[in-house]
Amino acid sequence: MRQALHRLSIATHGKGLVMFTQAVRQWVADTGMENGLLTIWCRHTSASLTVQENADPTVLEDIKRYFEALVPESPGRYIHDDEGPDDMPAHLRTMLTQTQLSIPVADGRLVLGTWQGLYLFEHRRHPHRREIVLHLIGE
């Protein structure tokens, strides 16, 4: 059994989903491991991870709109606003999604469906640089 660890930096442009599938695929290939389990961890409380549709960009737009309606920015609605009015809604959106994914690796490749991609979901208005940690255990 072998292990590999990598940190991936992802630039965001404000609220929305940023696909990072190709960077993960390349790193997994570079490890030389054929079979195992990949854990992907987001080190932030106002951004999250998701596996989602990778072909039709309107899916991503609908997801973004859904979360805007579900957890709106609304002055006076939240007590916590130390970093601005988008801060607490970002924390709530992160709670409703996930900060960790587990993806099987078989034959040296991520076991994703045809239309699945890996996304960082930025919940803050302003651009950020987010760090994702990849941990692969396998052989």
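Our subject in this report is the structure included herewith. Only a predicted model underlies this, so the values are computations on that prediction, with no experimental measurement involved. (Residues numbered from 1 in each chain as written. Predicted model: local features only at pLDDT ≥ 70, side-chain atom pairs only at ≥ 80, totals over all residues. Heavy atoms only, no water.)

1. Concerning the overall build of the protein
Scanning the protein from terminus to terminus reveals 3 helices and 8 strands. Projected onto its principal axes, the C-alpha coordinates of the protein cover approximately 55 × 30 × 20 Å. The burial tally for the protein puts 41% of its 139 residues in the buried class. Here the protein holds 14 positive side-chain charges and 17 negative ones, and the gap between their average locations is 2 Å. (Helix = DSSP H or I, 4+ residues; strand = E, 2+ residues; numbered from the N terminus. Buried < 20%, exposed > 50% of the residue type's maximum accessible area, 1.4 Å probe, protein only. Lys, Arg positive; Asp, Glu negative; His and termini not counted. Charge placed at Lys NZ, Arg CZ, Asp CG, Glu CD.)

2. What about the sheet that holds strand β6 (residues 109-110)?
With respect to topology, 5 strands assemble into an open sheet ordered β1-β8-β3-β5-β6, the strand pairing being antiparallel. The open sheet has two edge strands, β1 (2-11) and β6, and neither has a second partner. (Pairing = 2+ DSSP bridges.)

3. Remarks on the nonpolar core
By size, the foremost hydrophobic cluster in this structure holds 23 residues, and its most contacted members are F20, V24, L38, I40, L110, L118 and I132. Those elements that provide at least two residues to this core are β1, α1 (21-31), β3 (36-42), β4 (47-53), β5 (100-106), β7 (116-122) and β8 (129-138). Leave out the neighbours within four places in its chain, and I40 touches F20, L49, T99, Q100, L101, I103, L118, I132, V133 and L134. By size, the runner-up hydrophobic cluster in this structure holds 6 residues, among which are L17, L60, Y119 and F121. (Core = buried A, V, L, I, M, F, W, Y, C linked by side-chain atoms within 4.5 Å. Contact = heavy atoms within 4.5 Å.)

4. A look at the pattern of salt bridges
Between side chains of opposite charge, a pair can form as their charged atoms come close. The final tally for this structure, using the stated rule, is 11 salt bridges. The closest approach of N and O atoms between D87 and R124, which form a salt bridge, is 3.4 Å. Taken together, the positions of D87 in helix α3 (residues 87-96) and R124 in the loop between β7 and β8 put the pair 37 residues apart, joining distant regions of the chain. R124 carries the same exposure label as D87, and that label is buried. If you follow the salt bridges from partner to partner, you end up with K15, E68, E73, R93 and R125 in one network. (Salt bridge = Lys/Arg side-chain N within 4 Å of Asp/Glu carboxyl O.)

5. Some points on unusual backbone geometry
At D107, a position not held by glycine, the phi torsion is positive, near 55 degrees. With respect to the helices and strands, D107 occurs in the loop between β5 and β6.

6. Side note on the side chain of K15
Assignment of secondary structure puts K15 in the loop between β1 and β2 (16-19). For K15, the side chain forms a polar contact with the side chain of E68, separated by 3.0 Å. Reaching out from K15, the side chain makes a polar contact with the side chain of E73 at a distance of 2.5 Å. (Polar contact = N/O pair within 3.5 Å; in protein donor to acceptor, adjacent residues only side chain to side chain.)

Honestly, that's just the spatial picture; any functional story needs more than this.
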